[in-house]
Amino acid sequence: MDRRLLLIEDDARLRSALTLVLSDEGWVVDEAVDGEQGLRLLAEPGRYDVVLLDLRLPGIDGFEVCRRIRRTNDVPIVMVTARQDSHDVVAGLEAGADDYVTKPLSAKVLVARLRALLRRTGSRDGAEPKPIVDDDLEIRLDSAMVVRNGHPVSLTRTELKLLAELANARGRVLSREELLERVWGYDYFGDSRLVDVHIRRLRAKIEAEPAAPRHVITVRGMGYRFGP
Amino acid sequence: MTNNHRSHRRRRLVLGLRGRVRLAFALVAAAIAVTIAIAVWLLVTNLVYERREGLSLAQATATADRVEAVLRTLSPPDDLVKSLGNPAGSMSMLWYQDEWHSGDPTLSAADLPTPLLERLMSGERLQQRVWLTGTPRLVVGIPLTDVDGTYAEIFPLDDMERTFRTLAATLVAVTLVAPLLGLLLGAWAGRRALRPLTEVTRAAGAVASGDLTARLEATGDPDLAPIAATFNRTAEALHRRVQGDLRFATNVSHELRTPVTTLVNAIDHLSTRREQLDLSGRKALDLLGDEVTRFERLVEDLLEISRTDAGADDLLLAETDAAELVRQSIPDTARRLLDVDPAADGLLVRVDRRRLERTITNLTQNADRHGGGLVRVSVEPAPGPTVRIAVEDAGPGVPAHLREQVFERFARGATSRDRTPGVGLGLALAAQHVRLHEGRLWVESRIGGGARFVVELPAHAPSHRQSETPPAVDASTDHHPWDPPWVTTR
């Protein structure tokens, strides 16, 4: 089965080069020159496996495109930022991106990221069929569903994977590095902001009071744990 | 050489502005003191002496009148001069009938200098100071015209002389002290007058050490306002210029990122089709690939260095195990060269991991490219407490006079042989990153040849994990002071 990728990038030459490399890796790449075109192409649900989104776009900027995609779609989004340490990264993650790559990005890094992204969103091996219940929250890993107070919660696949890792640890504290490795497939030098921003997004969806969380708890100086 | 010598000699003669003010004050004070002392001396001594002379003359004249009156009655002159009983301790002598008669047994005519005696005997009216038996005296001679003799009275002046000596001592003391006071006054005045100059020095120093926002405060002083204004204008222009340069460097490297990305990926694409190219085509592809990699790194370094110059506040500090960080930062092939002192194991440093990784990578790359290959990477504790990370190579080493210079931007090796690509910014960036962490980076000679680049960072032993601060981007506010019993630490 072909994996389909939507590339939203305004620079024609860069678009062409990335398409060449990704096609080599077996991706079917659709190109969009700006946010409007990208959003039009995304209107058809389930058409793409992943979106590669440049944050600096003419017209609607990347952050806004990200937010609009998230309103209707949980497709994994990898954003392309100019700099790793700029505020763009945090803002992009807040807007709903799953991961990021920085320019000049090499095809090798990009392909590895996309593989990790699909691996974690695609398969559900090792998930226990028995739902994990914590107070008002019920996590059904076998059907990728989270139910709070009887209502299903819409999580992106990365958020779900993060929650699953924490829930499967059964109250053990997981460090940011461990979570980076398990959820994003990063090595030692991953960006712990990925974890922190995703935890924040997750709390906003599953906690009654995100500022005083009861399910996903920060253990100062160590990491996060799930549970009472 | 001659020039040097001359300028050195000249420098020794040049006093500072402050020194000159002090010296001027001291000289003026000395001149005033000497003038006043001389004037006082002349005035006071003359006044006192004239007064004493007048009194002595009046007394002598009165006595002479008495002597003359008595002599007219033909009484013996010796008894007469002895009976005079002069006040003020003066002694009387009488020249009468070609003979000297003394009123005091301690004094005889022979004690007086002969010229004076002759003048007295010749009947001259005189007043003269003489030294007799070691003391100053005033001799007053009054001719006794009626009886053809001379009356001489000798007044002691030693009390006056003592007064004069005290006066002289006082004046000399004042004269000596005055320049010292002048010096102090000059120092005080100089400091006061030059205080604005100290401010200028401070501000200029701040600008020189990189704080381009340092300005002089505007004062109401009309003498200083122009200097302050000029200084501030200059600093402002410099600041704008540097900011402009930084913006330019940042913009350029930003603009270059997209084309570099295109290049990197196009070459990647070509590389997968390497087999389809002939030999020369492959060679060209390799060249292209190497150069694009180098170009990419240069763009990255340029951006990074200009961003730090601009004072980017994006330092993401986290407690990190120093030895572990080094282990992760060096290439897999170099792991066996890593030598961690057991005492340094577990030492924590508070660093931006990405920056420090970059620093160590740059140093190991430098060793590989320009130092004849990496030989050893060590981590050891040092006083402070600090941790020292040393990267050693087998190259020719860095000569002493280039040891500062190698950390400059786009520094090149001394020999053309050493013009290996990529020297550019690596060490400068490493130095900048280390400075940002309040550490030090230097290069020294390795024992056994080669260079040894040492990074020294403030470190501390792991105390309690609770003391660790959470990363910057953690907005969670939940507090759980207890450790759950099933928490396991890795």
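Residues numbered from 1 in each chain as written. Chains lettered and ligands numbered in written order. Predicted model: local features only at pLDDT ≥ 70, side-chain atom pairs only at ≥ 80, totals over all residues. Heavy atoms only, no water.

Regarding the overall build of chain A
Heads up, the rule is: Per the convention used, a helix needs a DSSP run of H or I reaching at least four residues, while a strand needs a run of E reaching at least two, with both numbered from the N terminus. Exposed residues in this analysis have more than 50% of their type's maximum accessible area, buried residues have under 20%, and partly exposed residues fall in between, with area computed by a 1.4 Å probe over protein chains only. Contacts are assigned to residue pairs with any non-hydrogen atoms lying within 4.5 Å of each other. Methods summary: accessible areas were calculated by the Shrake-Rupley approach with a probe of 1.4 Å, and residue burial reflects only the protein chains presented.
Across its full length, chain A holds eight helices and 11 strands. Looking at chain A as a whole, 59% of its 228 residues are labelled buried. For chain A, the proportion of contacts with a sequence separation of at least 24, taken over those separated by at least 6, is 56%. A total of about 9300 Å² of accessible surface is found on chain A, and carbon and sulfur atoms cover 48% of it.

Quick word on the overall build of chain B
For chain B, the count of helices and strands is 10 helices and 12 strands. Of the contacts formed within chain B by residues at least 6 apart in sequence, a portion of 62% connects residues at least 24 apart. A total accessible area of about 28200 Å² is found for chain B, and carbon and sulfur atoms account for 58% of it.

A look at a negative patch on the surface
Quick note on the threshold: Note on patches: the residues involved have over 30% relative accessible area and no salt bridge, like charges join within 9 Å, and the nonpolar side chains Val, Leu, Ile, Met, Phe, Trp and Tyr join within 5 Å. A side-chain nitrogen of Lys or Arg and a carboxyl oxygen of Asp or Glu constitute a salt bridge if their distance falls within 4 Å. Here the positive residues are Lys and Arg and the negative ones are Asp and Glu; neither His nor the chain ends is included. Where a charge sits is defined by one atom per residue type, namely NZ (Lys), CZ (Arg), CG (Asp) or CD (Glu).
A cluster of acidic residues, D78, D79, D98, E99 and D148 of chain B, forms a negative patch on the protein surface. The topology assignment puts D98 of chain B in the loop between β1 (91–96) and β2 (99–102).

Here's the deal with the side chain of S102 of chain B
Relative to the assigned elements, S102 of chain B resides in strand β2. Excluding its chain neighbours within four sequence positions, the residues that come into contact with S102 of chain B are D78, V81, K82, S92, M93 and L107 of chain B.

Focus: the environment of R336 of chain B
Along the chain, the position of R336 of chain B falls in the loop between α8 (322–329) and β7 (338–340). Remark: the alpha-carbon pair of R336 of chain B and V375 of chain B, spanning 39 residues in sequence, is separated by 9.9 Å.

Some remarks on the sheet that holds strand β2 (residues 27–32) of chain A
Residues and elements named next belong to chain A. Note the threshold: The criterion for strand pairing is that DSSP finds at least two bridges linking the strands in question. Axis geometry follows a simple rule: fit a line to the C-alpha atoms, using only the stretch in contact for helices, then measure angles between N-to-C directions, giving values from 0 to 180 degrees.
Taken in spatial order, the five strands make up an open sheet running β2-β1-β3-β4-β5, and their pairing is parallel. For this open sheet the edge positions go to β2 and β5 (99–102), each flanked by a neighbour on one side alone. Shown here is a sheet whose adjacent strand axes are inclined to one another by a mean of 20°, direction ignored. Alignment of strand β3 (residues 50–54) against strand β4 (residues 77–81), held across four bridges, turns out to be parallel. By the bridge assignment for β4, V51 is matched with I77. On the sheet, helix α3 (residues 62–72) packs against β1 (3–8), β3 and β4 and is oriented at approximately 155° with respect to β3.

Things to note about the side chain of R137 of chain B
Residue and element names in this part refer to chain B. Cut-off, in case you're wondering: As used in this structure description, the phrase polar contact means that two N or O atoms lie within 3.5 Å; if the pair is within protein, one of them must be able to donate a hydrogen and the other to accept it, and residues adjacent in sequence are counted only when both atoms belong to side chains.
Summarising the element assignment, R137 is placed in strand β4 (residues 135–144). D158 is the oppositely charged side chain nearest to the buried, salt-bridge-free R137, at an N-O distance of 6.8 Å. A polar atom in the side chain of R137 sits 2.9 Å from the side chain of T135. Leaving out residues up to four positions away in the same chain, R137 has contacts with M91, Q128, R129, V130, L132, I154, F155, P156 and L157.

A word on helix α9 (residues 353–370) of chain B
Residues and elements named next belong to chain B. Put simply, the test is: Residue count minus one, scaled by 1.5 Å, sets the expected span of a helix.
Taking 1.5 Å per residue as the helical rise, α9 with its 18 residues ought to reach 26 Å, and the 25 Å between its terminal C-alpha atoms agrees with that figure. Most of α9 sits inside the fold, with 14 of its 18 residues counted as buried. G372 occupies a position one or two residues after α9 and carries a positive phi of about 70°.

Observations concerning the pairing of β3 of chain A
Residues and elements named next belong to chain A. Heads up, the rule is: We call a crossover right-handed when, viewed with both strands directed away from the observer, the connection leading from the first strand over the helix to the second proceeds clockwise.
In terms of residue burial, β3 counts as a mostly covered element, since five of its five residues are buried. In β3, alternate side chains face the same way, and those of V50, L52 and D54 on one face and V51 and L53 on the other are all buried. In this fold, β3 hands off to α3, which returns the chain to β4; that crossover is right-handed.

Some thoughts on the sheet that holds strand β7 (residues 137–140) of chain A
All names here are of chain A. Strand order in the open sheet made by the four strands is β6-β7-β8-β9, with antiparallel pairing throughout. The sheet is open, and its two edges are formed by β6 (132–134) and β9 (151–153), each paired on a single side. Put simply, the sheet's adjacent strands are angled 25° from each other on average, direction ignored. As judged from the three bridges shared by strand β8 (residues 145–148) and β9, these two strands associate in the antiparallel manner. Within β9, the residue paired with V147 across the bridge is P152. Docked against the sheet, helix α8 (residues 192–206) engages β7, β8 and β9, running at close to 50° with respect to β8.

Describing a nonpolar patch on the surface
The grouping of V34, I38, W41 and L42 of chain B at the surface amounts to a nonpolar patch, some 340 Å² of accessible area in total. Along the polypeptide, W41 of chain B turns up in helix α2 (residues 17–72).

A closer look at the confidence of the model for chain B
Residue and element names in this part refer to chain B. Basically, it comes down to this: Confidence of the predictor at the level of single residues is given by pLDDT, which spans 0 to 100.
Confidence in the prediction of chain B, expressed as mean pLDDT, is 80, and 87% of residues score 70 or more. Within chain B, strand β10 (residues 386–393) carries the highest mean pLDDT (92), whereas helix α1 (residues 2–13) carries the lowest (50). The low-confidence segment residues 414–422 (pLDDT under 50) makes 12 contacts with residues lying over four places distant or belonging to another chain. Across residues 464–490, confidence stays below pLDDT 50; counting only partners more than four residues off in sequence or on other chains, it has 44 contacts.

Some remarks on the packing of aromatic side chains
Test applied: Stacked, edge-to-face and tilted labels apply to pairs of Phe, Tyr and Trp rings (six-membered ring for Trp) whose centres lie within 6.5 Å, assigned for plane angles under 30 degrees, over 60, and everything in between, in that order. Definition used: whenever NZ (Lys) or CZ (Arg) falls within 6 Å of the ring centre and also within 35 degrees of the ring normal, the charge is taken to sit over that ring.
Within this structure, the stated rule accounts for three aromatic pairs over all chains. Centroid distance W95 of chain B to W100 of chain B: 5.4 Å. Interplanar angle 45°. Geometry classified as tilted. A relative accessible area of 14% places W95 of chain B in the buried class. Sitting above the plane of the W27 of chain A ring, R3 of chain A keeps its charged end 4.9 Å from the centroid. Between R129 of chain B and the ring centre of Y49 of chain B, over which it is positioned, the NZ or CZ distance is 3.5 Å.

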